[in-house]
Amino acid sequence: QVQLVESGGGLVQAGGSLRLSCAASGSIFSINTMGWYRQAPGKQRELVATITGGGSTNYVDSVKGRFTISRDNAKNTVYLQMNSLKPEDTAVYYCNANIIPRDSRPYGMDYWGKGTLVTVSS
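Everything numeric here is computed off the predicted structure, so don't read it as measured data.

## Points about the overall build of the protein chain
Then step 1. Helix and strand counts for the protein chain come out as zero helices and 11 strands.
Then step 2. The secondary structure elements of the protein chain, listed N-terminal to C-terminal, are β-β-β-β-β-β-β-β-β-β-β.
Then step 3. In terms of C-alpha radius of gyration, the protein chain reaches 14 Å, essentially the compact-globule figure of 14 Å for 122 residues.
Then step 4. Projected onto the principal axes, the alpha-carbon positions of the protein chain cover approximately 45 × 25 × 25 Å.
Then step 5. Burial statistics for the protein chain: of 122 residues in total, 39% are counted as buried.
Then step 6. Long-range contacts, defined as pairs at least 24 residues apart, comprise 56% of the intrachain contacts of the protein chain with a sequence gap of at least 6.

## Focus: the pattern of salt bridges
Two side chains bearing opposite charge may form a pair once their charged atoms approach each other closely.
Then step 1. Summed over all chains, the structure comprises four salt bridges.
Then step 2. For D61, the salt bridge identified is with K64, shortest N-O distance 3.0 Å.
Then step 3. Exposure remark for D61: the relative accessible area of 60% places this residue in the exposed category.
Then step 4. Overlapping salt bridges, with partners in common, bring together R38, E46, R66 and D89 in one network.

## Brief notes about the packing of aromatic side chains
Then step 1. Scanning all chains against the criterion turns up one aromatic pair.
Then step 2. The ring of Y94 is capped by R45, whose NZ or CZ atom sits 3.7 Å from the centre of that ring.
Then step 3. In this structure, R45 is placed above the aromatic ring of W112, and the distance from its NZ or CZ to the ring centre is 5.0 Å.

Rules behind the numbers
Residues numbered from 1 in each chain as written. Predicted model: local features only at pLDDT ≥ 70, side-chain atom pairs only at ≥ 80, totals over all residues. Heavy atoms only, no water. Helix = DSSP H or I, 4+ residues; strand = E, 2+ residues; numbered from the N terminus. Rg over C-alpha atoms; globule rule 2.2 N^0.38 Å. Buried < 20%, exposed > 50% of the residue type's maximum accessible area, 1.4 Å probe, protein only. Contact = heavy atoms within 4.5 Å. Salt bridge = Lys/Arg side-chain N within 4 Å of Asp/Glu carboxyl O. Phe/Tyr/Trp six-rings, centres within 6.5 Å; stacked < 30°, edge-to-face > 60°. Lys NZ or Arg CZ within 6 Å of the ring centre and 35° of its normal.

As far as function goes, none of this settles anything; it's purely spatial.
Structural data, given as structure tokens:
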């Protein structure tokens, strides 16, 4: 019933910018921490950035100064603004959110989007 849907992926040249969006929908009571992960071909999925319900953020070292995570609580949406993109950023980007559903579990559960592909050309 609870779903996350990513959008905004695509092909961009090195040095360019892209903004990813992830909207949560369904029977939601509350959303705790939200984040972005990525998985490059042949690599393990890694955490890129997180943002708590209070707005505290964390980033993996490789994207600090280039990426910015933010959220719009009224829209149940998290964003990832990606600037100065590098070919090494090429990956499928996945949205993650810890959500407390309205209709069943009284505690937070992790939900995942299906992913959006970001390709950075050299």
